[in-house]
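Given next are the chains, with one letter for each unit.
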Amino acid sequence: MRHTKRAASAAVSLGLALVGALALAPTASAADPDAASAARTTSYAAYEGSKEEAANNKAFFDAVVKSVAEKRAANPGIQAVTVVYNASAAPRFASQIAASTSIWNSAVSNVKLQAGTSGVDFTYREGNDPRGSYASTNGHGSGYIFLDYAQNQQYNSTRVTAHETGHVLGLPDHYSGPCSELMSGGGPGTSCQNAQPNAAERSRVNSLWANGLAAALAKLS
């Protein structure tokens, strides 16, 4: 969520990433916790998406679709379109990740998220980062969603996680949107508690996976 996304080049970021670093806040000295807090808040509040971030977000989705298509091509008998994730590196967010993937699985029909340790398409990680939470990838798999501790205390944590997961499914940021729009991220402010995608977002994901996967499979044939 700006949930600042790190630039594809910055973290080899996002091919799977739907992320790019928007305006990064200056790094504050550990000796000045007030300045560090202010810097973090500034970073989270800078909800102005960049073209680079949008490109990174699309790259994240494209990489996931390619990964799923390759597995389908290798196992043509598979009918379900499943994106496999591993959340073992984000134990503090186990409940939020479970809630977020359940939300998306209930919201869309053309793709499903499934926990697993083999054939993994992306992972979840946790830690501290002044840029907040983001999705990142190198464009060739190995994508991940990073969940920042402080940001998840400031914002509704399930919303943050569901928002970042939305990038994996193909949705871009739209920070100027209302709280009812999941991909508006932190735009509506910390009071926003909605963690559900709206009808337009659900429809968009279904369309992206119906058309995107078909196109990816065609390239492999």
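Residues numbered from 1 in each chain as written. Predicted model: local features only at pLDDT ≥ 70, side-chain atom pairs only at ≥ 80, totals over all residues. Heavy atoms only, no water.

Colleague: Explanation requested: the side chain of Gln 96 in the structure shown.
Modeller: One can find Gln 96 in helix α3 (residues 94–107). In this structure Gln 96 comes out as buried when scored by relative accessible area, which is 16%. Separated by 3.0 Å, the side chains of Gln 96 and Ser 95 make a polar contact. Once residues lying within four places of it in the same chain are set aside, the contact partners of Gln 96 are Ser 157, Thr 158 and Thr 161. (Helix = DSSP H or I, 4+ residues; strand = E, 2+ residues; numbered from the N terminus. Buried < 20%, exposed > 50% of the residue type's maximum accessible area, 1.4 Å probe, protein only. Polar contact = N/O pair within 3.5 Å; in protein donor to acceptor, adjacent residues only side chain to side chain. Contact = heavy atoms within 4.5 Å.)

Colleague: Would you mind going over the state of the cysteines with me for this structure?
Modeller: One covalent bond between the sulfur atoms of two cysteine residues makes up a disulfide. Considering all chains together, one arrives at one disulfide under this definition. The side chain of Cys 179 participates in a disulfide bridge whose partner is Cys 192; the two sulfur atoms lie 2.0 Å from each other. In this structure, the disulfide formed by Cys 179 and Cys 192 twists by about 85° around the S-S bond and is classed as right-handed. Taken together, the residues span a long stretch of sequence, with Cys 179 in the loop between α5 (157–168) and α6 (199–220) and Cys 192 in the loop between α5 and α6 at a distance of 13 residues. When its relative accessible area of 4% is taken as the criterion, Cys 192 is described as buried. (Disulfide = S-S within 2.5 Å.)

Colleague: Would you mind showing me how to read the sheet that holds strand β1 (residues 82–89) here?
Modeller: Paired through their backbone hydrogen bonds, the strands of a sheet run either parallel or antiparallel. One open sheet accounts for five strands, arranged β2-β1-β3-β5-β4; its pairing is mixed. Pairing within the sheet leaves two strands with one partner each, and these edge strands are β2 (112–115) and β4 (134–136). With direction set aside, neighbouring strand axes in the sheet form an average angle of 30°. Where β4 meets strand β5 (residues 143–148), three bridges bridge the pair, whose relative direction is antiparallel. (Pairing = 2+ DSSP bridges. Axes fitted to C-alpha atoms, helices over the stretch in contact; angles between N-to-C directions.)

Colleague: So what exactly am I meant to see when it comes to the nonpolar core here?
Modeller: Burial of nonpolar side chains together is a common tendency in soluble globular proteins. Residues Val 83, Trp 104, Phe 122 and Trp 209 are the most contacted members of the largest nonpolar core, which totals 33 residues. Counting residues per element, the ones that place at least two in this core are α2 (51–74), β1, α3, β3 (122–127), β5, α5 and α6. It is α2 that provides the largest number of residues to this core, a total of five residues. Non-local contacts of Trp 209, meaning those with residues more than four positions away in its chain, are made with Phe 61, Val 64, Val 65, Val 68, Val 81, Val 83, Asn 110, Val 111, Val 168 and Leu 169. (Core = buried A, V, L, I, M, F, W, Y, C linked by side-chain atoms within 4.5 Å.)

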